[in-house]
Amino acid sequence: MRLSIPPLPQSSTVNAAGRLEVAGCDVVELAREFGTPLFIYDEQQIRERCREYQSAFGRVPGTKIVYASKAFSCLALIQLLAEEEMSLDVASGGELFTALSAWFPPEEIFLHGNANTRDELHWAVRNEVGYVVLDSLAELEVLDRVAGEAGRRQPVLLRVTPGVEAHTHEFIQTGKQDSKFGFCLADGVALDGVSRALEAPNLKLEGLHCHIGSQILALEPYRKTIAIMADFMAACRDKLGFEAGSLDLGGGLGAAYLGAEQPPRVDELAETIVTATRSEMNRAGLAVPRLAVEPGRSIVANAGITAYEIQAIKTIPGVRTYAAVDGGMSDNLRPALYGAEYMAVIAGRPLEEPTASVTVAGKHCESGDILVKDARLPDPARGDILVTPATGAYGYSMASNYNGQPRPAVLFVKDGDARVVIIRETYEDLIRLHQRIE
Ligand code: LLP
């Protein structure tokens, strides 16, 4: 039976045993076989999201769909993305290393970052990454030198801070543009940056980049941003004779965590971006540039779940009931860091009527290590497998070893088969880099 809990992967069903299945795999059995906490990704859903982006933006030929690997990255995922002909955003030397180790085509890689070291830039240039997205004048200078030494003219985009900040439910335009990222529009720094990039002998400025936020649930901020970028592109043409051939609008499309949020669909996002780009470029008398978008969360968040085992139930009469699980802020930092909200499902009996309001607590030595506040659950007990849906983005990628907790295993599931794509860390891994004092 199809289980329609929106944050769960679309393939979620309830099997004959009454248990949660994802892509034909019984989640309780997966938890038994592979242990908990366990990240489980529906591989097909990730592929379908990539295809949805590609076909939605396909109307503008040459549009690049650049997956933001900070949301979740591992060799198998990068291989899958290469198969799906995606491009890749890496935000550090480490993410670049992961991508190159999976043989991802370097020409489809965009390197970002507001504090890239000389070594990171050198390595990116030597590996001939498609673009470096310039974040500051300092980086521009170092990259120009590094590229010169390597005998390469490095294609670059320049990251502009457009002064639009998108929040979950609303957006604002900030005159001040207080951000650690990018070249500010307001104070002329961006125009100066473009001019310097054009003069740099070893850089090839191909276009502009901006990113206005994450978990965006409205389309208006994108429209506003495109209007601002068109004005800036016109200023670059008028003052510097530079016509940007590419416009990268960053990522940000939101995901459904609780089911109540209604993020715009990918085709709605594409419609908004393509229509606004055409009309704003027309208004500014500019040719329509090649577009790029950099989705992370909206590709992987809802394809992933985390399975935990409940270890203890604690009821404080008249106050609340806690269900403590064998993971927590070390595998999902988002509730502690942002107050992010999740729901919870008992994998063994997802259809049973909830009887209790339960706070799902992690196992860490922090009172703030709460994964779900007031989850509605059917009388949870020790040994139950508890699932939090929509943990596919910024879960594993922000995981830590806090309290000596090994990072979980990660599975890809498809057509009833499960593949381990990241092995569970062991206690030995925790001390692998430690040196004894002789
Ligand atoms: N491009 C750039 C330049 C970015 O900085 C980001 C995210 C993305 C693309 C992808 O954004 P997405 O489509 O995933 O929203 N740790 C936070 C999210 C931080 C996002 C940082 N930048 C969280 O867990 O919500």
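Residues numbered from 1 in each chain as written. Predicted model: local features only at pLDDT ≥ 70, side-chain atom pairs only at ≥ 80, totals over all residues. Heavy atoms only, no water.

Right, let's get into the domain arrangement of the chain. Examined at the domain level, the chain breaks down into domain 1 (13–41 + 302–430) and domain 2 (112–295). Domain 1 puts six residues into the contact, and the matching count from domain 2 is four residues. Three residues, N302, E341 and M343, lead the burial of domain 1 against domain 2; their summed loss comes to 53% of the area buried on that side. Between the two partners, domain 1 and domain 2, sit zero salt bridges. Split into classes, the residues belonging to the side of domain 1 that touches domain 2 amount to three nonpolar, one polar and two charged. (Domains from an automatic or database assignment. Contact = heavy atoms within 4.5 Å. Buried area = accessible area lost by both parts, 1.4 Å probe. Salt bridge = Lys/Arg side-chain N within 4 Å of Asp/Glu carboxyl O. Nonpolar A, V, L, I, M, F, W, Y, C, P; charged D, E, K, R; others polar.)

Looking now at the site of the ligand. Near the ligand there are 18 residues, and of these S214, E294, R334, Y338 and Y394 occur at the shortest range. The backbone of G252 places a nitrogen or oxygen atom 2.8 Å from an oxygen atom of the ligand. G296 is positioned such that a nitrogen or oxygen atom in its backbone is 2.9 Å from an oxygen atom of the ligand. Considered on its own, the ligand offers 580 Å² of accessible surface; in the complex 87% of this is hidden by protein. Residues that form the shell around the ligand fall into these classes: five nonpolar, seven polar and six charged. Residues from two domains meet in the shell around the ligand; each of domain 1 (13–41 + 302–430) and domain 2 (112–295) gives at least three. (Near = heavy atom within 4 Å. Polar contact = N/O pair within 3.5 Å; in protein donor to acceptor, adjacent residues only side chain to side chain. Areas by Shrake-Rupley, 256 points an atom, 1.4 Å probe, with all protein chains shown as cover.)

A few words on the layout of surface pockets. There is about 560 Å³ of room inside the second largest pocket. Along the wall of the second largest pocket there are 29 residues; nearest its centre are P6, Q10, R49, A256 and N302. Along the lines of polarity and charge, the residues of the lining of the second largest pocket split into 14 nonpolar, nine polar and six charged. (1 Å grid on protein atoms, 1.4 Å probe; cavity = no way out; pocket = protein on both sides within 12 Å on 5 of 7 lines; lining within 4 Å. Points joined across faces, edges and corners; volume = space filled by probe spheres on them.)

All right, on to helix α7 (residues 189–199) then. Those residues of α7 that sit buried are A190, G193, V194, S195 and A197. Along its buried surface, α7 packs onto β8 (131–134), α6 (137–150), β9 (154–161), β12 (183–184), β13 (203–209) and α8 (220–240). (Buried < 20%, exposed > 50% of the residue type's maximum accessible area, 1.4 Å probe, protein only. Helix = DSSP H or I, 4+ residues; strand = E, 2+ residues; numbered from the N terminus.)

This brings us to the pairing of β13. The side chains of a regular strand alternate between the sheet's two faces. Burial analysis of β13 places six of its seven residues in the buried class, which makes it a mostly covered element. As judged from the three bridges shared by β13 and strand β14 (residues 246–248), these two strands associate in the parallel manner. Across the sheet, residue G207 finds its bridge partner in β14, namely S246. Tracing the backbone out of β13, into α8 and back to the parallel element β14 gives a crossover that is right-handed. (Pairing = 2+ DSSP bridges. Right-handed = clockwise from strand over helix to strand, strands pointing away.)

Pairing is antiparallel in the open sheet, where three strands are placed in the order β1-β2-β3. Both outer strands of the open sheet, β1 (13–14) and β3 (25–26), are each paired with one neighbouring strand and no more. Where β1 and strand β2 (residues 20–22) come together, two bridges link them in antiparallel fashion. Of the residues in β2, the one forming a bridge with V14 is L20.

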